[in-house]
Amino acid sequence: MDYSQFLALKQEIGLLIVFLLVFLNDTFASPKSAKAVPAIACIWMLALTCFGFCQASAPATEAFAGMYFTSPTIVAIKNILNVGVLIVLIQSVKWANSEFTAVRRGEFYELILLTLLGMYFMISSRHFLMFIIGLETASLPLCALVAFDKNRYESHEAAIKYVLTAVFSSAILLMGLSFVYGLCGTLYYEGIYLAVSSNFGVMMVIGLAFLIAGFGFKLSLVPFHLWTADVYQGAPTSVTSYLSVISKGSAAFAFLVVLTQVFGSIYSQAWEWMLYALIILTITIGNLFAMRQVNMKRFLAFSSISQAGYIMLAVIGNNAMGVSALMFYILVYVFSNLAAFGVIGAIENATGKVDMTDYNGLYKTNPRLSFTMMLAMFSLAGIPPFAGFFSKFFVFTGALNGTNSAALYVLVLIALINTIISLYYYLLVVKAMFINDSENPIATFRSACTERLGMWICVAGIIGLGIVSYVYDYLLTVVA
């Protein structure tokens, strides 16, 4: 075996080093110095993120008989995930050092890093065996994270639902893979791509449907979304923010790779129409149910379901512009969603309140938090000139690039109509904070410095990505 192949796994090895440093510090630190574990995790994650950006121009490389692949595009999406994880870790410092969490604060950061390692392998895999290893490496620690708040019944319930969902979705995915392997005789992406056209038939369509269903559970696509709201509500807010952004972003990119590089030759015959139906259902039902929510975490759960539908529009494009639009959308979604969860987490840590009615009159007592939440809602709704407007614009452009399909134009039109509908429920939050009166508003409080730092980063991203065009141009260049 040529051990020099491991040099291709620079980001994975870097992440393992960060994990080991956090683990050793957590294991051998004295009770007094254990409070520094979250800060140490954030510092080393920042170092890993900077290292990842230094690898941005690394050439495309294969390793382990073609099972592992890296390229500037893959490095870029990993860097986007690193930025999101760094923000989550920063925003979690106060919660991790709280009275009920401090005894197992190290486990939180270690499990986060382990799930990220699994996502790295999912993204870089070019063989379904490695993909499944990465998927399970990412999924199993997430089950423990959802159940992290063991003193709350809701956390237990959420963990059970997530475990059952993860088990069934993996089983469905493996069932689809068994059909594909039986027809093609290989689990390599390239081998399946070459064999799929000659073996195209009813069984291949069934196998592909199982695969899409398995990914649908991971991405919370309708009708595979029923676990999402309960898990988001029951899990600790820091874990919910990680689930809604990092987990979804990595799964979306892996889904794009599988569909285009494995089943791209049967795009119009098989999976194009499957995705049309999933996108319409996901965006529409996500919007309709978001209108009815009172709990802020459930509200953002259905918002994230709707956002997953928009992300899938980039997959429909099946071109370089679609890939760059998906990556840019994930980056904008990281800043927008984590800004919203940063405000929710700060208020929950200080007051324990998570209902939308609790936010009535928030501007009068906590104007900075209200301003941050307003920017997050505007960006998620796609209001210009904030970053969310441009992410949706690029997704629509990527989907329609070079097509004459009337059905695709109708699909984008439905998505645009749903964007208008989403304005209503996103502005409900803004209305509660700035217009609605409350006899007992949330009292004025000062959030922790780490919480403020996380929100400042998110606000800078929301405004900066809406003004600076370099980021999207860079992603388009990398993909091309």
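In this text the structure is predicted, and so the values were computed from the model without any measurement.

Procedures and definitions
- Residues numbered from 1 in each chain as written.
- Predicted model: local features only at pLDDT ≥ 70, side-chain atom pairs only at ≥ 80, totals over all residues.
- Heavy atoms only, no water.
- Axes fitted to C-alpha atoms, helices over the stretch in contact; angles between N-to-C directions.
- Helix = DSSP H or I, 4+ residues; strand = E, 2+ residues; numbered from the N terminus.
- Parallel < 35°, antiparallel > 145°, perpendicular 65-115°, else oblique.
- Left-handed = near helix turned anticlockwise from the far one by under 90°.
- Contact = heavy atoms within 4.5 Å.
- Nonpolar A, V, L, I, M, F, W, Y, C, P; charged D, E, K, R; others polar.
- 1 Å grid on protein atoms, 1.4 Å probe; cavity = no way out; pocket = protein on both sides within 12 Å on 5 of 7 lines; lining within 4 Å.
- Points joined across faces, edges and corners; volume = space filled by probe spheres on them.
- Buried < 20%, exposed > 50% of the residue type's maximum accessible area, 1.4 Å probe, protein only.
- Salt bridge = Lys/Arg side-chain N within 4 Å of Asp/Glu carboxyl O.

Caption draft 1: Quick look at the packing of helix H17 (residues 387-400) against helix H18 (residues 406-434). Look at H17 against H18: their axes get within 10 Å of each other, and the N-to-C directions meet at 165 degrees. Classified by the angle between their axes, H17 and H18 sit roughly antiparallel to one another. In the crossing of H17 with H18, the sense of the turn from one axis to the other is right-handed. Here Lys 392, Phe 396, Ala 399 and Leu 400 of H17 come into contact with H18, specifically with Leu 408, Tyr 409, Val 412, Ala 415, Leu 416 and Thr 419. Each residue belonging to the contact of H17 with H18 can be placed in one class, and the counts come to eight nonpolar, one polar and one charged.

Caption draft 2: Molecular detail of the packing of helix H2 (residues 37-54) against helix H5 (residues 105-124). For the pair H2 and H5, the least separation of the axes is 9 Å and the interaxial angle reads 20 degrees. The angle between the axes of H2 and H5 places the two elements in the roughly parallel class. Between H2 and H5, the residues in contact are Val 37, Pro 38, Ala 41, Met 45 and Leu 48 and Arg 105, Gly 106, Tyr 109, Leu 113, Leu 116 and Tyr 120, respectively. Looking at the contact of H2 with H5 residue by residue, the classes come out as nine nonpolar, one polar and one charged.

Caption draft 3: Local environment of empty space enclosed by the protein. In total, this model carries three cavities of 30 Å³ or more according to the counting rule given. Of the volumes computed, that of the largest cavity is approximately 160 Å³. For the lining of the largest cavity, the secondary structure elements donating two or more residues are H5, helix H6 (128-146), helix H7 (153-184), helix H9 (202-219) and helix H11 (237-262). Partitioned by chemical class, the residues of the lining of the largest cavity number ten nonpolar, five polar and one charged. In this structure, the second largest cavity occupies an estimated 50 Å³ of space. Looking at the second largest cavity, the residues that line it are Gln 307, Tyr 329, Val 332, Tyr 333, Ser 336, Ser 379, Leu 380, Gly 388, Ser 391 and Lys 392. Of all elements in the fold, only helix H14 (320-351), helix H16 (367-381) and H17 reach the threshold of two or more residues within the lining of the second largest cavity. The element best represented in the lining of the second largest cavity is H14, accounting for four residues. A per-class count over the lining of the second largest cavity returns four nonpolar, five polar and one charged.

Caption draft 4: The arrangement of unusual backbone geometry in detail. A cis geometry characterises the amide bond from Val 222 onward to Pro 223, with omega recorded as 10 degrees. In this fold, Pro 223 is placed in the loop between H9 and helix H10 (228-234). Following Pro 384, the chain continues into Pro 385 via a peptide bond in cis, with omega recorded as 5 degrees. Within the secondary structure, Pro 385 sits in the loop between H16 and H17. Unusually for a residue other than glycine, Ser 220 sits at a positive phi of about 60 degrees. Note on placement: Ser 220 falls in the loop between H9 and H10. Note on Ser 220: relative accessible area 0%, which makes it buried.

Caption draft 5: Broad picture of the pattern of salt bridges. Applying the stated criterion to the full structure yields five salt bridges. The partner of Lys 161 in a salt bridge is Glu 157, with the nearest N and O atoms 3.0 Å apart. On the criterion of helical spacing, the pair formed by Lys 161 and Glu 157 is a turn pair, its members being four residues apart in helix H7. Given the relative accessible area of 26%, Lys 161 is considered partly exposed.

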